[in-house]
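Fold and geometry: a report
Residues per chain are reported as follows:
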Amino acid sequence: MKVAFLTSECFPYVKTGGLGDVAGALPKALYQSGCEVKVFLPLYGGIKVQDHGIKRIDEFSNISVHLAGKDLNFSVFHTTLPGAEVEVYFIDCPYYYHRNLPYTNDSDEDERFLLFQNASLMTLQRLKWAPDVIHCNDWQTGLIPVYLKTNYAWDRLFGESRSLLSIHNIGYQGRFPESTVAKSGLDRNLYLNAGPLEFHSTFSFLKSGIMYADKISTVSPTYAREIQTEEYGAGMDGVLRSRSNDLIGILNGIDIDLWNPAKDKFIKSQYTAETLEMKEENKKNLLERVNIEYAENQPVLGIVSRLAGQKGINLLQPIINHIMSLPVRFVVLGSGEEQYEQFLSAAESSFEGRFCAYLGYNNELSHLITAGADIFLMPSRYEPCGLNQMYSLRYGTVPVVRKTGGLADTVMDYHEYYEKGNGFSFNEYSSAALLSTIQRAVDIYYQKDIWSGIQRRGMLEDFSWKKSAEKYLDVYKSLM
Ligand code: ADP
């Protein structure tokens, strides 16, 4: 099985969230299941070319392309993914990709990913490599299924290629003005008269992909159901319902080598389900690191998150005093929207010595929190899959989550399932529900036998990519 995997981010080169983790791990797991995989992503200015052995392919330099009314050119760079024979091709076009961040609000954001998509297909042509499946991810690659059936349909190389579009978050839809249609080189008639490219008077790359992809997937079974409802569909629910038969939810895995408490290089004391008492050393180390005084028998609450509306940080606001009146410490790592950053900084000042808000992106600290906290909070309004709750489970850090999307598929509430519970969850998106669930978790924390049972059940669960990769492989085969 030959798979071209197109993505706008991929760990360890560039990552802003869950897609980066998926793109770094799934191709590896597919390779281990016998697939030949080539990954394509833009060569952003921030990618450290030398650190990753990324080299320019001489024959693929300065390839001309006429796009968005401009004569552009791009080059192709190459490396292999660490730990697997997976080829990674980078589309280099400094004019578009040398900016501060991978995603921008610049007026040519549409062009940046039009170039990426066309250049990826052109690179496949130059490689003369015919993929069985082109696996697209999110709106940044949403037009690939359209191009395959229109502008590139003449090329017999793609004659047998099928497309899968994976949706990692329905909230990001790649919506642009009508003028983007001309830039894309696609037939304007596909947009006019409520055509497949049109979505509420905009050109949505995601909607286009949903209409044209041979199959669509999303990152958990519960999210696959939720996005077909008005409450969670972000306006796309009708479009998704129209493709219901071709839509499947496959839970993301986690990289069990990177996220392994028995081998984690970032943490102070490695441990397993059998040596759980070592976890306390990591808690001390974490607290020391963030200047919080360690107190025996006081649970540490942790958060690692993008600070976006989706993540439910606003639920904490009205109850933060109440939470901090419990015998707890609290460490938050996150960056994002100003309002949440301000709230967290203010909390740090109010609860000096017991509350730490580290605002920024810090991979090492995310490992220290995952290992050192006792309770990990994810009160998300919606959560397509969520990785942090799986990392936490594997580290014996008990998750408190809202029961939505992938959180509902991975965290079993101890209250409901005494024998199977691996964490705590609540249904209603409210501060009161979050508070009472935190309270419940803190109460159980003191019942050491029950608590360690909950921890162990989480640690022994299999969240490896192997299981998920097999499911993707089944989907690929169903396309043949
Ligand atoms: P999303 O994709 O919505 O951001 P996920 O839970 O699927 O959420 O993935 C988030 C990933 O990004 C996880 O690997 C998490 O550890 C990481 N992450 C998020 N914020 C930070 C941060 N401030 N510092 C380090 N890692 C972070």
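All values reported here derive from a predicted model rather than from experimental measurement.

Let's shift gears to the domain arrangement of the protein chain. Taken domain by domain, the protein chain comprises domain 1 (2-253 + 466-479) and domain 2 (273-462). Each of domain 1 and domain 2 has a C-alpha centre, and the two are 33 Å apart. Domain 1 puts 19 residues into the contact, and the matching count from domain 2 is 19 residues. Between domain 1 and domain 2, the buried area comes to about 1,500 Å², and carbon and sulfur atoms account for 51% of it. For domain 1, the biggest contributors to the area lost against domain 2 are T222, Y232 and L251; these three give 25% of the whole. At the boundary of domain 1 with domain 2, the tally comes to zero salt bridges. Counting across the domain 1 and domain 2 interface gives 10 residue pairs in polar contact (both at pLDDT 80 or more).

Turning our attention to the layout of surface pockets. Counted as a void, the second largest pocket has a volume near 440 Å³. Taken together, 24 residues line the second largest pocket, and the ones lying closest to its centre are A25, K28, D255, I256 and D257. Among the elements of the structure, helix 1 (18-32) and helix 17 (465-479) are those that each provide at least two residues to the lining of the second largest pocket. At six residues, the largest contribution of residues to the lining of the second largest pocket is made by helix 1. Split into classes, the residues belonging to the lining of the second largest pocket amount to 12 nonpolar, six polar and six charged.

Before going further, it helps to examine the packing of helix 15 (residues 431-445) against helix 16 (residues 448-459). Where helix 15 contacts helix 16, the two axes come as close as 7 Å, and the packing angle between them is 115 degrees. By the criterion of interaxial angle, the relationship of helix 15 to helix 16 is roughly perpendicular. Contacts between helix 15 and helix 16 pair A441, I444 and Y445 from the former with K448, I450, W451 and I454 from the latter. Along the lines of polarity and charge, the residues of the contact of helix 15 with helix 16 split into six nonpolar, no polar and one charged.

Taken as a whole, this structure holds 20 salt bridges when the rule is applied. Notably, a salt bridge pairs D106 with R99, separated by 3.0 Å at the nearest N-O pair. On the accessibility criterion, R99 (21% relative accessible area) is partly exposed. Linking K403 and E416 is a salt bridge whose minimum nitrogen-to-oxygen distance equals 2.9 Å. Residue K403 is located in the loop between strand 18 (398-402) and helix 14 (405-410), and its partner E416 is located in the loop between helix 14 and strand 19 (424-426); the two are separated by 13 residues in the primary sequence. Residue class for K403 comes out partly exposed when judged on its relative accessible area of 26%. Among the charged side chains, a salt-bridge network with shared partners connects K70, D110, E111 and K183.

The antiparallel open sheet is built from three strands, whose spatial order is 9-11-10. At either margin of the open sheet sits one strand with a lone partner, and together these are strand 9 (175-176) and strand 10 (198-199). Strand direction decides the pairing type here: strand 10 and strand 11 (residues 202-204), joined by two bridges, are antiparallel. Along strand 11, the bridge assignment pairs E198 with F203. Strands strand 9, strand 10 and strand 11 of the sheet are contacted by helix 6 (residues 205-212), whose axis makes an angle of about 55 degrees with strand 11.

What counts as what
- Residues numbered from 1 in each chain as written.
- Predicted model: local features only at pLDDT ≥ 70, side-chain atom pairs only at ≥ 80, totals over all residues.
- Heavy atoms only, no water.
- Domains from an automatic or database assignment.
- Contact = heavy atoms within 4.5 Å.
- Buried area = accessible area lost by both parts, 1.4 Å probe.
- Salt bridge = Lys/Arg side-chain N within 4 Å of Asp/Glu carboxyl O.
- Polar contact = N/O pair within 3.5 Å; in protein donor to acceptor, adjacent residues only side chain to side chain.
- 1 Å grid on protein atoms, 1.4 Å probe; cavity = no way out; pocket = protein on both sides within 12 Å on 5 of 7 lines; lining within 4 Å.
- Points joined across faces, edges and corners; volume = space filled by probe spheres on them.
- Helix = DSSP H or I, 4+ residues; strand = E, 2+ residues; numbered from the N terminus.
- Nonpolar A, V, L, I, M, F, W, Y, C, P; charged D, E, K, R; others polar.
- Axes fitted to C-alpha atoms, helices over the stretch in contact; angles between N-to-C directions.
- Parallel < 35°, antiparallel > 145°, perpendicular 65-115°, else oblique.
- Buried < 20%, exposed > 50% of the residue type's maximum accessible area, 1.4 Å probe, protein only.
- Pairing = 2+ DSSP bridges.

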